[in-house]
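# Close look at the chain arrangement
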Amino acid sequence: MTSLFSDYLNISVTTSLLIVILLFLTPLLRKHYSAKWTYWIWMVLAIRLLLPFHFSFDKSLIDIPLPSNPIMNPTAQGMSQVNTQVENPLAAQPIQVQTAVEPAVHAPSLFYILATIWLIGAVLFFAYHVAGYYTFRKQALRWSRPIESKLIAARIRNMMLEMGVPLSIPVLTSEKVPNPMLVGFRKPLLLLPHEQYSEEELTFIIKHELVHYQRHDILYKLLLVTVHALHWFNPFVWLLVREASREIELYCDDTVVFKQSLAYRKKYCEVILSVMQKPSPRFLALSTNFLGGKHTMKQRFKSILSMKKKRSGLMLFCAVVLSLGVLAACANVTSGNSAAFKPGTIYSNLVGDQVVSYDAGNSYSIDKEGHVSISYRNGKVTAKTPLQLDMARESFDRGLSEGSFFISEDKTAIVYNPDPDKFAPVHVLISDNMGKTWNETVVQNEDAKGDELFIGFTSEKEGWMVVGHGCGVACAENFVFQTSDGGKTWIETGNPNDQYSEHLTGVGFSNPDTGFLGYRYFTAPDPIIYWTKDRGKTWDRLPVSLPEKFENYSKNPLSPFFNGKEGRFPISLSGDNGIIGTIYLSSKDGGLTWAYDASLDKLK
């Protein structure tokens, strides 16, 4: 639900920019372009607002942050070996089992609450209009009767034949309808308030409504009501619905008077005025009404009486469609982070071995003197860091660990201990410009001392860090920190040490709220993963269900990685003969639920 809300919020905000521009230009457009093209333009905008997807470039021109929710782009972290190495090539082994993982229950986040309010509002809005429409339709039919005048019925039948409309469309009179209208989606029917019309009045009325039928304008109205419900919180969408409803009538009028004389057009306007009897009821959003409000009627008369030849709006229509694509690609609404945030290479710790969970084309290297360098874009850009290691020490005792690096084009972070001999506070190096400049922060916290280090960012501002240290045989304490200012300050948020304390093999967050700690295999048959949905305040064991064929293997969860809603959680399998490969859990909702995905297996 939060993912869907985020998508619709993205669409709503970006499309509103174009709605505002078109509303501002509407008087000019109506003066120079036929209603046909504005009719289609508003329809395209409505369809765009209905479809919950958006495009993304590496950098969005517009980025609107919102309260955080579990939808994030890829993140990365690294390891502190001299050379970055990718895990051994593995052959795929097809397995046809997929088991859903049930999430633990947590207190809802602010974004989840907003998403819930949105969904309730959308359902109530849609239900209100649909229920009102069907109630109105039921009452209208209850008090309806067939056309009694054979002459009127014959004229209507002849007009249907002339316009190529099926004769099966019922035409009824009803005391409950204020004006002529077309109602019904699957089986439309034409309702008249009475049948005391002159031949001229009847001709205009029936032709007008049959044009609506030919264009399926009832479905257009249903589209507008649906979009209105989904974007009930956006005042610009309310304006879109109003303008689109007007264009439906204007386009219909243009069709009725097409190539007709001014005298014909005047008579048509007179008919519209003559049939105005009662105000329209509230529940006509799902019907085509022959009339409209005062402002709408003024616009209709002005358009009907205009004899000026108007331009084709094909180029205008193409420009609007192109603008929609540009806005969708260059603007993004995010929940506390940027969906344009570039991914990074993710490393994990597997009993001292180098494992690459995800390779985004960034890496690091350490020369013989201990200078640490960063490589971006598969070696096209390189940069030196201010960090120099003591190469006389063993690799595990140089102040770095497997997760000490986070390397993305948008954010590079290194967490390290400058004095490995002492239990000193960790330091964090940050670069926001691909290694051109660096800033260093000392994390002044009693728990920010250790030698098992992990760091990562979910946006340019939001990041996380885990500092751990051994506390005995098969025991380690781990402490979780977060930053919301790009790494300048770090605040401890919580840890699961009271529930489980072991050495970590992987860490990953999909957003500031939702994170995962993967622990080294000990005796449990399933991979041991603890996760949080409230920034580390509480932690629960993540239940993982895997095929029975993997039951006798050791399972080490590596660092998960995310791309939008899509997430993957690699799990390394080991047997008596060593590592046999990697299997994966996959997520489509930012890590809230996981399922084993056999298509991703990489096994020897």
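Residues numbered from 1 in each chain as written. Predicted model: local features only at pLDDT ≥ 70, side-chain atom pairs only at ≥ 80, totals over all residues. Heavy atoms only, no water.

### Things to note about the overall build of the protein chain
What counts here: The helix and strand labels rest on DSSP assignments: H or I over at least four residues marks a helix, E over at least two residues marks a strand, and numbering proceeds from the N terminus. For every residue, the accessible area (1.4 Å probe, protein chains only) is compared with the maximum for its type, and the residue is labelled buried under 20%, exposed over 50%, or partly exposed between those bounds. Throughout, a residue-residue contact means that at least one pair of heavy atoms, one from each residue, lies within 4.5 Å. Surface exposure here means Shrake-Rupley accessible area, sampled with a 1.4 Å probe, where a residue is shielded only by the protein chains that are shown.
Across its full length, the protein chain holds 10 helices and 31 strands. A buried classification covers 55% of the 604 residues belonging to the protein chain. In the protein chain, of all internal contacts separated by at least 6 residues, the share reaching a separation of at least 24 is 66%. In the structure as shown, the protein chain presents an accessible area of about 27,200 Å², 57% of it carried by carbon and sulfur atoms.

### Let's talk about the sheet that holds strand β23 (residues 515-519)
Rules: For two strands to pair, DSSP has to find at least two bridges joining them.
Sheet architecture is open: 4 strands sit in the order β22-β23-β24-β25, paired in antiparallel fashion. Bordering the open sheet on either side are β22 (504-509) and β25 (540-541), each of which pairs with just one other strand. Summarising the sheet, β23 and strand β24 (residues 529-532) pair through 4 bridges and their orientation is antiparallel. Within the sheet, the bridge partner assigned to Leu 517 lies in β24 and is Tyr 530.

### Considering helix α8 (residues 262-274)
Formally: To estimate the expected span of a helix, subtract one from its residue number and multiply by 1.5 Å. In this description, one arc is meant: the one made by directions from the helix axis to the C-beta atoms.
Along its 13 residues, α8 runs 18 Å from first to last C-alpha, staying within 8% of the 18 Å computed at 1.5 Å per residue. Every buried residue of α8 is accounted for by Arg 265, Tyr 268, Cys 269, Val 271 and Ile 272. Each buried residue of α8 lies within a common arc of 155 degrees when the element is viewed along its axis, so the set occupies one face.

### Remarks on the packing of aromatic side chains
Which entries qualify depends on this criterion: The aromatic pairing rule takes the rings of Phe, Tyr and Trp, using the six-membered ring of Trp, and pairs them if the centres are within 6.5 Å, calling planes under 30 degrees apart stacked, those over 60 edge-to-face and the rest tilted. Two thresholds decide whether a charge sits over a ring: the Lys NZ or Arg CZ must be within 6 Å of the ring centre and within 35 degrees of the ring normal.
Under the criterion given, the structure shown has 24 aromatic pairs. When the centroid spacing of 3.9 Å and the interplanar angle of 5 degrees are considered together, the rings of Tyr 364 and Phe 405 count as stacked. Of this pair, Tyr 364 sits in strand β11 (residues 363-366) while Phe 405 sits in strand β14 (residues 405-408), and the two are 41 residues apart along the sequence. The same class applies to Tyr 364 as to Phe 405, namely buried. Taken together, a centroid distance of 4.9 Å and an interplanar angle of 70 degrees make the contact between Tyr 500 and Tyr 519 edge-to-face. Of this pair, Tyr 500 sits in the loop between β21 (491-494) and β22 while Tyr 519 sits in strand β23; the two residues are 19 residues apart in sequence, bridging distant segments of the chain. Here the basic side chain of Lys 411 rests over the ring of Phe 457, its NZ or CZ set 5.0 Å away from the ring centre.

### Notes on helix α2 (residues 35-50)
Quick reminder: α-helices carry 3.6 residues per turn. Residues three or four places apart thus point the same way. The end-to-end C-alpha distance of α2 is 23 Å, a good match for the 22 Å that 16 residues give at a rise of 1.5 Å each. Burial analysis of α2 places 12 of its 16 residues in the buried class, the great majority of the element. Ala 35, Trp 37, Thr 38, Tyr 39, Ile 41, Trp 42, Met 43, Val 44, Leu 45, Ala 46, Arg 48 and Leu 49 are the residues of α2 that are buried.

### Here we look at the pairing of strand β4 (residues 171-174)
Of the two faces of β4, the one carrying Val 171 and Thr 173 and the one carrying Leu 172 and Ser 174 are both buried. Looking at chain direction, strand β3 (residues 144-146) and β4 are connected through 3 bridges and run antiparallel. In the strand pairing of β4, Pro 146 is matched with Leu 172. For β4 and strand β6 (residues 189-192), the ladder comprises 3 bridges, and the chain directions are parallel. Within the sheet, the bridge partner assigned to Thr 173 lies in β6 and is Leu 192.

### Observations concerning the sheet that holds β11
Here is the rule we go by: Angular values range over 0 to 180 degrees, each being the angle between N-to-C directions of two axes fitted as lines to C-alpha atoms, with helices fitted over their stretch in contact.
With respect to topology, 3 strands assemble into an open sheet ordered β11-β12-β13, the strand pairing being antiparallel. If you trace the sheet from one side to the other, it starts and ends with β11 and β13 (381-388), each paired once. Taking the axes of each pair of neighbouring strands and ignoring which way they run, one obtains an average angle of 25 degrees across the sheet. Sheet analysis places β11 next to strand β12 (residues 371-376), joined by 4 bridges and oriented antiparallel. Within β12, the residue paired with Ser 363 across the bridge is Ser 375.

### Remarks on the pattern of salt bridges
To be explicit about the condition: A pairing counts as a salt bridge when a side-chain nitrogen of Lys or Arg comes within 4 Å of a carboxyl oxygen of Asp or Glu.
Per the counting criterion, the structure on display carries 14 salt bridges. Here Glu 409 ties to Arg 377 by a salt bridge, and the two come within 3.0 Å at their closest N and O atoms. Here Arg 377 lies in the loop between β12 and β13 and Glu 409 lies in the loop between β14 and β15 (412-416), a separation of 32 residues in the sequence. Under the relative-accessibility criterion, Glu 409 is labelled buried at 19%.

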